[in-house]
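Coordinates in review
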Amino acid sequence: MDLCIIGSGYVGLVSGACFAEVGHHVVCVDNDQRKVDALQAGKIPIYEPGLEELVHRNVAAKRLRFTNSIEDGLDHSQVLFIAVPTPPQADGSVDLTYIERVAREIAAVLKPGQYRVVVDKSTVPVKTGEKVADTIKRYNKNAEFDVVSNPEFLREGCAVPDLMNPDRVVIGSASQRATDLMKQVYEPFRAPILVTDVNSAELIKHAANSFLSLKISYINAVAAICEASGADVEMVADGIGMDKRIGRNFLNAGLGYGGSCFPKDVKAFIAISRQLGTPFTLLEEVERINTQQLSRYIDKVRDALWVLKDKKIAVWGLTFKPDTDDVRNSVAIDLVNRLVAEGAQVSAYDPKGAEKAVEWGLIDPAKVKLTATPLEAVVDAEALLLATEWPEFANQDFSQVKEKMHTPLVFDGRNLFNPETMKDLGFTYYAVGRPSH
Ligand code: NAD
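Cut-off values and rules
Residues numbered from 1 in each chain as written. Predicted model: local features only at pLDDT ≥ 70, side-chain atom pairs only at ≥ 80, totals over all residues. Heavy atoms only, no water. Domains from an automatic or database assignment. Buried area = accessible area lost by both parts, 1.4 Å probe. Salt bridge = Lys/Arg side-chain N within 4 Å of Asp/Glu carboxyl O. Polar contact = N/O pair within 3.5 Å; in protein donor to acceptor, adjacent residues only side chain to side chain. Nonpolar A, V, L, I, M, F, W, Y, C, P; charged D, E, K, R; others polar. Helix = DSSP H or I, 4+ residues; strand = E, 2+ residues; numbered from the N terminus. Contact = heavy atoms within 4.5 Å. 1 Å grid on protein atoms, 1.4 Å probe; cavity = no way out; pocket = protein on both sides within 12 Å on 5 of 7 lines; lining within 4 Å. Points joined across faces, edges and corners; volume = space filled by probe spheres on them. Phe/Tyr/Trp six-rings, centres within 6.5 Å; stacked < 30°, edge-to-face > 60°. Buried < 20%, exposed > 50% of the residue type's maximum accessible area, 1.4 Å probe, protein only. Lys NZ or Arg CZ within 6 Å of the ring centre and 35° of its normal.

**Notes on the domain arrangement of the protein**
According to the domain assignment, the protein contains domain 1 (2-196) and domain 2 (211-430). For domain 1 versus domain 2, the distance between C-alpha centres works out to 33 Å. Interface area, domain 1 with domain 2, both sides summed: about 1400 Å², of which 59% is carbon and sulfur. Inspection of the region where domain 1 meets domain 2 yields one salt bridge. Here Glu 156 and Arg 328 are joined by a salt bridge, their closest N and O atoms 3.5 Å apart. Our enumeration of links across domain 1 and domain 2 arrives at six residue pairs in polar contact (both at pLDDT 80 or more). Within the side of domain 1 that touches domain 2, the residues separate by chemical class into ten nonpolar, five polar and two charged.

**Thoughts on the side chain of Ser 175**
With respect to the helices and strands, the residue Ser 175 is situated in the loop between strand E7 (169-172) and helix H8 (176-186). Every residue in contact with Ser 175, bar those within four places of it in the chain, is listed here: Tyr 115 and Asp 146.

**Some remarks on the layout of surface pockets**
In this structure, the second largest pocket occupies an estimated 330 Å³ of space. Lining the second largest pocket are 16 residues, and of these Leu 96, Pro 125, Lys 127, Thr 128 and Lys 131 lie nearest its centre. Ranked by the residues each element gives to the lining of the second largest pocket, the list is headed by helix H6 (residues 128-139), at four residues. Residue classes in the lining of the second largest pocket are distributed as nine nonpolar, four polar and three charged.

**A few points about the packing of aromatic side chains**
Under the counting rule described, the total for this entry stands at 14 aromatic pairs. Seen in terms of ring centroids, Trp 316 and Phe 398 are 6.1 Å apart; in terms of plane orientation they differ by 55°. Their pairing is tilted. Residue Trp 316 is located in strand E9 (residues 312-316), and its partner Phe 398 is located in helix H17 (residues 398-404); the two are separated by 82 residues in the primary sequence. Note on accessibility: Trp 316 and Phe 398 belong to one class, buried. Centroid distance Phe 411 to Tyr 430: 4.7 Å. Interplanar angle 5°. Geometry classified as stacked. Note that Phe 411 is positioned in strand E13 (residues 409-412) and Tyr 430 in strand E14 (residues 428-430), a separation of 19 residues in sequence. For Phe 411, a relative accessible area of 1% translates into the label buried. By relative accessible area, which is 22% here, Tyr 430 ends up partly exposed. Here the aromatic residues Trp 316, Tyr 349, Phe 393, Phe 398, Phe 417 and Phe 427 are joined through ring pairs into a cluster of three or more. Here the basic side chain of Lys 352 rests over the ring of Tyr 47, its NZ or CZ set 4.4 Å away from the ring centre.

Shown next as structure tokens:
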């Protein structure tokens, strides 16, 4: 099939490449000319395992190309996917200006007799599909189209396998013609397809991300009780998670959830529920626990070091999770900036995220020393703080780490290391929700 993706970021680019991989012809549109130029020159603007090979292979096979023109994309495609940002506003509600603009842009270039399925893949509040349809109609009286909601559930860091083998594909549609085309798009993926109405599909995405965030806050609240009582949250999580009704995933105690999706989607769901007159107050507690988690961790560091001002502190990890270069809303970045605000001298290392952290103005390189290796970061450090669980951090030579540090003090914010091993190596080791050694 001929498909167009509007917005070539984390979701749009990976979706476009995966659609091409299964044999569709895909045009990826972006209004950021620098991004389009880079993609046309074979440069991939984001890091996602397996993406580069996938893009190059499909460009070479002439199944994938890039443009800045919606008209070009629309003329050559039956189905148009919208994958533009839906950032939060100050009150937590979703900023839908990007979506509205795309709806107007589609309306401006749709020609009479050109039936198109307009698919919203961005995460949007329930009832956005109706607004998109109204907008296209308002600006183009003769437009022939249907609006479908097709929320995306990929996880950054494993977006390619997630898209190639989805747990489920949700198609929210009120039109049989559009549903049939969407089923054709997804047929090669051989995934379970759930067809719903548009509103339900939109709601599924916010409800799913809020539930996953709730699981994280739940285990973090349990971790606090473990710390107060001497229990071990990892054992508790295993014991809970072995119950098939609950499952072990997303029961990892740590510094809390971050990233470009969970914080904004929980906020959005809270705002949506209020607007609809059915406030979802449980989610306010989920957020509160999440915010508290980083403060509790910094308190622990402060308890051990007394005053943070002038202390040399090493931080491992800047991205919001491993295997990505995405630093948007990363708890690790908040951690670094809060340490700097207290006057600590921070050295930080991340395998992929440092460049974007500086480029996006999230970290001031004049105030934070960004190092080329994990070992460089710990030189003379009075504490090592593990903020993101990149696998390479688990494989360091810890006798060298200890030798380079001023004081062998480790605060493991993701429960990555083995407490017994750290103790045997001579570290004073603090984890989250586990007895300290
Ligand atoms: P992103 O910022 O990485 O990419 C969005 C792209 O859209 C950018 O390249 C931007 O230049 C482009 N864009 C903006 N306006 C445009 C326009 N008018 N025409 C053409 N291009 C335009 O964002 P993302 O992370 O891919 O997220 C996109 C949506 O998908 C959001 O709603 C997000 O909540 C949702 N989502 C994200 C993830 C994720 O893990 N990142 C997962 C599931 C859903």
